[in-house]
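# Understanding the architecture of this molecule
In case you want the letters, here they are:
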Amino acid sequence: MDKGIENLVSARKLLKASVEKSKALELSLEKTGPRMDEINQRLPSLEVAIRPIRAQTDALSAVGGHINRAVVPAAAVLKWLADIVEYLEDHKVADSRFISGLKTALKSLRELEAGEEKGRLDGGLLEVALDRLENEFRRLLTENSVPLPMSSPTLPGEQACIAPSPLPVAVIQKLQAILGRLIANGRLNNCISIYVEVRSSNVRASLQALNLDYLEISVSEFNNVASIEVYIAQWGKHLEFAVKHLFEAEYKLCNDVFERMGLDVWKSCFAKIAAQAGILAFLQFGKTVTESKKDPIKLLKLLDIFASLSKLRLDFNRLFGGDACAEIQNLTRDLIKRVIEGACEIFWELLVQVELQRHAQPPADCSIPRVVTFITDYCNKLLGDDYKPILTQVLVIERSWKHEKFQERILVGELLNLVKAIELNLETWSKGYEDAASSYLFLMNYHWHLYKYLKGTKLGGLLGDSWLSEHEQYKEYYSAIFLRESWGKLPALLSREGLILFFGGRATARNLVKQRLKSFNEAFDDMYKKQSSWVIPDKDLRDKTCQVIIQTIVPVYRSYMQNYGPLVEQDPSASKYAKYTAQSLEKMFNSLFHPKPAKQGSFKVRQPSGKFNNGVVEQYQTSPTAVK
């Protein structure tokens, strides 16, 4: 009996103790929330303790220990609570409702541990610290990234030096130290994103000063290549600056900062910077030019683009080689292909274009046809030191694609064929004038132009001295025929025949003088009116022609008026016959054949087979009639 009472008392004490422990456990769980808040409040001081930029690499290694020591107590508390709940449930010390409440509280703590917003109990402090390191990584990059001003262009033949690193060595070392800790905790992608964002923004800021809005121009926004010619010239200089200075520096910096991560990492990082900073916009502008309407000037501009790309070929291969830059490589290859195909198509079509001009009407003012001045200047450009090597290279590549060999004589022969086509055109045009004198003046202008403006040029050298001399002789020939068939007919109208015989018959002589002066005036007025619209573009030839006309007519007229003018000067209708003085005639002759301030001349491209769109060549916008 006594023993049974003792067992009952012991059970009572055990139950009471278990209940007290349960109450203590409940109280402990209620206090867990404030303890977590206390841990969060201690985070700033921990962040200060592990700030890496004020510590050496060895000190950074100790950061993990500090974090671990801070995390272990918190993790132990959570483990201890889980063990107690498990014990209570297994031994059925508390009722199921109470146990359920404890489980709910424990679940909340575990969710808090796994949650990224509040931080995990076993890594929350580390996550926050790593976030701080990311911010420090961004700050170091941002504060030390300064836009690079455009430098003076590289001198011809000068080797472009590798741009120095745009960040101080000490800053690079700090970035590497931070990277080491962040990458060890799975944050490589975050680091790359921050780096690409900051550095690409810096490159864009450097380029922004160059006013690159023209890179966004679309084909529909301009009529022809000539209208954006100035942008194409800027494009080459700006692309060279971007590649040799900006992207070169970024390439080196990516290697310096990410070299420990391996080649693939830093190459990929650089590729993203290049793409986001604007290299794709440069390539797109080149493509836009290739898609514009075809005209002869476009050939020169395509050669300019090819020259710029060829000059940067080694830089492109080194900077943008590898799988990471595949998009840039593909766009560059596509652009080069478009440039070569477009340039060759225009070049081989030039002869067809000149032949199509043969059926056009000759210039009404007898001046040099636009196509003549354009083609002769154009051929000299293509034969010049600036374009001939580039055009040759382009034609060599095009022929190689067709498995054909290219020889320089093909290029020269094609340009000489253009000149031959021009000669045939001029022969045809000269026959299109109804008035013989206008045809002679036209031929005089044409032969003089070929002689004077091709002598001493690359094209003139190919044609030869005998060819040039032949055109000079033709100029003299047609000049003489023009004078004979036009103004040379006027002196005969001032004949003195019969005036001596009738010297005693004043009235009869007066009538003869009146009649002859009237005929002279009518012929002069008609011829002057007609030729007032004719043009001799070259000043030297114009002055010489006017002087020959003056010497042919004015002395004869002056002598005639001195001898026979008094016969009509006293006549009431004298002004009808003595309309001009020798001085007024000379002045009028000197006013002939001057170019008129006229519309811009143009060489319009026709469409023989749908390959060429209509376009106006504006490279040589000065009208041929304005050549001095």
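Please read all numbers here as calculations on a predicted model, not as lab measurements.

## Let's talk about the environment of Val 394
Along the polypeptide, Val 394 turns up in helix 16 (residues 388-401). Separated by 55 residues in the primary sequence, Val 394 and Val 339 place their C-alpha atoms 8.9 Å from one another.

## Looking at the nonpolar core
Core analysis: the biggest nonpolar cluster contains 154 residues, and Tyr 195, Phe 247, Phe 320, Trp 487, Phe 589 and Phe 593 have the highest contact counts within it. The residues touching Phe 593, leaving out its near neighbours within four places in the chain, are Leu 441, Phe 482, Trp 487, Gln 531, Trp 534, Val 535, Ile 536, Arg 542, Thr 545, Cys 546 and Ile 549.

## Brief notes about the confidence of the model for the protein chain
Taken residue by residue, the protein chain gives an average pLDDT of 81. The fraction at 70 or more is 74%. Segment residues 52-57 is flagged for pLDDT under 50; beyond a separation of four residues in sequence, or across chains, it makes six contacts in the model. Every residue in residues 600-628 scores below 50 in pLDDT, and together they form 96 contacts with partners more than four places removed in sequence or on other chains.

## Some words on helix 14 (residues 326-356)
Here helix 14 contains 31 residues, and its C-alpha end-to-end distance of 44 Å stays within 8% of the 45 Å for a straight helix at 1.5 Å per residue. By the largest-angle criterion, Leu 350 marks the main kink of helix 14, which is about 40°.

## Focus: the packing of aromatic side chains
The geometry of two aromatic rings is summed up by the distance between their centres and the angle between their planes. Throughout the structure, instances matching the rule amount to 26 aromatic pairs. Aromatic pair Tyr 214 and Tyr 231: ring centres 5.3 Å apart, planes at 5°, arrangement stacked. Residue Tyr 214 is found in the loop between helix 8 (188-208) and helix 9 (229-258), and its partner Tyr 231 is found in helix 9; the two are separated by 17 residues along the sequence. The exposure class assigned to Tyr 214 is buried, which follows from its relative accessible area of 4%. With relative accessibility at 32%, the residue Tyr 231 sits in the partly exposed group. Their ring planes at 10° and their centres at 6.2 Å tell us that Phe 520 and Phe 524 sit as a pair that is stacked. Here Phe 520 and its partner Phe 524 are both found in helix 21 (residues 506-531), four residues apart, which amounts to about one turn of the helix.

What counts as what
Residues numbered from 1 in each chain as written. Predicted model: local features only at pLDDT ≥ 70, side-chain atom pairs only at ≥ 80, totals over all residues. Heavy atoms only, no water. Helix = DSSP H or I, 4+ residues; strand = E, 2+ residues; numbered from the N terminus. Core = buried A, V, L, I, M, F, W, Y, C linked by side-chain atoms within 4.5 Å. Buried < 20%, exposed > 50% of the residue type's maximum accessible area, 1.4 Å probe, protein only. Contact = heavy atoms within 4.5 Å. pLDDT = per-residue confidence, 0-100. Expected span 1.5 Å × (residues − 1). Bend = angle between axes of the 7 residues up to and from the residue. Phe/Tyr/Trp six-rings, centres within 6.5 Å; stacked < 30°, edge-to-face > 60°.

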